[in-house]
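# Analysis of the macromolecular model
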Amino acid sequence: MELRASLRRLPLAGAAVAGAVAGHALAYVLTVPEPGARFALLAATGHAYWPAAIAAALVLGLVSLGATVTGRFRAGLRPGPPHPGEPLSRLAVRLALLQVSIFLVQEVLERAAAAAPLTTLLDARLLAAGMLVQILVAAVLATVLTLSGRAALAAGRALRRPYRPRPAAVRRPRPAVLARPSRLLAAGLGGRAPPA
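Thresholds, definitions, all that
Each chain carries its own residue numbering, running from 1 in the written order of its sequence. Local features are withheld for residues below a pLDDT of 70 in this predicted model, meaning they are given only at 70 or higher, and side-chain atom pairs are given and counted only at 80 or more; totals for whole chains, interfaces and linings count all residues. Excluded from the side-chain calculation are hydrogens and water; included are all heavy atoms of the structure. To qualify as a helix, a DSSP run of H or I must reach at least 4 residues; to qualify as a strand, a run of E must reach at least 2; elements of each kind are numbered from the N terminus. When accessible area is computed with a 1.4 Å probe and restricted to protein chains, residues below 20% of their type maximum are described as buried, those above 50% as exposed, and intermediate ones as partly exposed. Residue contacts follow a heavy-atom distance rule, with two residues in contact if any of their heavy atoms lie within 4.5 Å. For accessible areas, the Shrake-Rupley method is used with a probe of radius 1.4 Å. Any residue's cover is judged against the shown protein chains and nothing else. Stacked, tilted and edge-to-face are the three classes applied to pairs of Phe, Tyr and Trp rings, where Trp contributes its six-membered ring and a pair requires centres within 6.5 Å; stacked means planes under 30 degrees apart, edge-to-face means over 60, and tilted covers the rest. In this scheme, Lys NZ or Arg CZ marks a charge over a ring once it lies within 6 Å of the ring centre and within 35 degrees of the ring normal.

Turning to the overall build of the chain, a few remarks are in order. Regarding its fold elements, the chain presents 6 helices and 0 strands. Along its sequence from the N terminus, the chain presents helices and strands in the succession α-α-α-α-α-α. Looking at the chain as a whole, 29% of its 196 residues are labelled buried. In the chain, 82% of the contacts between residues at least 6 apart in sequence involve partners at least 24 apart. Surface exposure of the chain reaches about 13700 Å², of which carbon and sulfur atoms provide 69%.

Structural data, given as structure tokens:
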């Protein structure tokens, strides 16, 4: 049971990581628009891992989308009314909380790894802009996941087989027999005459 609950949370975690990386990159582009200055800031603040982070975020984002679409499609194939899924607003709030947390931890760890002072977080309003961007990216991701899930659910419902209850097995009544001939013969009550 715990494994299933963990597996259900994986698409959310994958989407949050993908969103945090996208928001992270967007925050730096918005706060430091000049590419040369931005690359210098990224190099000084421990972003050497950034190409690997982008690749991982892309994979996790696609896995999250695939898991969402597959799960909702399968829910549409099942008979009966499907589980409604998570509301868009709740999903957006959960993604925003996860992404802001990831962004803050990421920024602190980057500066610790580069031995850069934490005060660089406050330069160019990076921290405030980053958190705002994370919230906006979370809203966009939640919308994409919700709409994709609804489309997959509708596709599943359109392709599912119509529910037809199985006919009940018809049992033929057995004729009422008080004693079977084989039992009569075995008891010596058959058609033979008694010995003379």
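In this structure, Glu110 sits in helix H4 (residues 88-113). In this structure, Glu110 is in contact with His24, Tyr28, Thr45, Gly46, His47, Tyr49 and Trp50, ignoring residues within four places of it in sequence.

Summed over the entire model, instances satisfying the criterion amount to 1 aromatic pair. The interplanar angle of 80 degrees and the centroid separation of 5.8 Å between the aromatic rings of Tyr49 and Trp50 together place this pair among those described as edge-to-face. Residue classification places Tyr49 among the partly exposed positions, given a relative accessible area of 31%. Assessed through its relative accessible area of 12%, Trp50 is described here as buried. For Arg38, the ring lying beneath its charged end belongs to Phe39, and the centroid distance is 5.7 Å.

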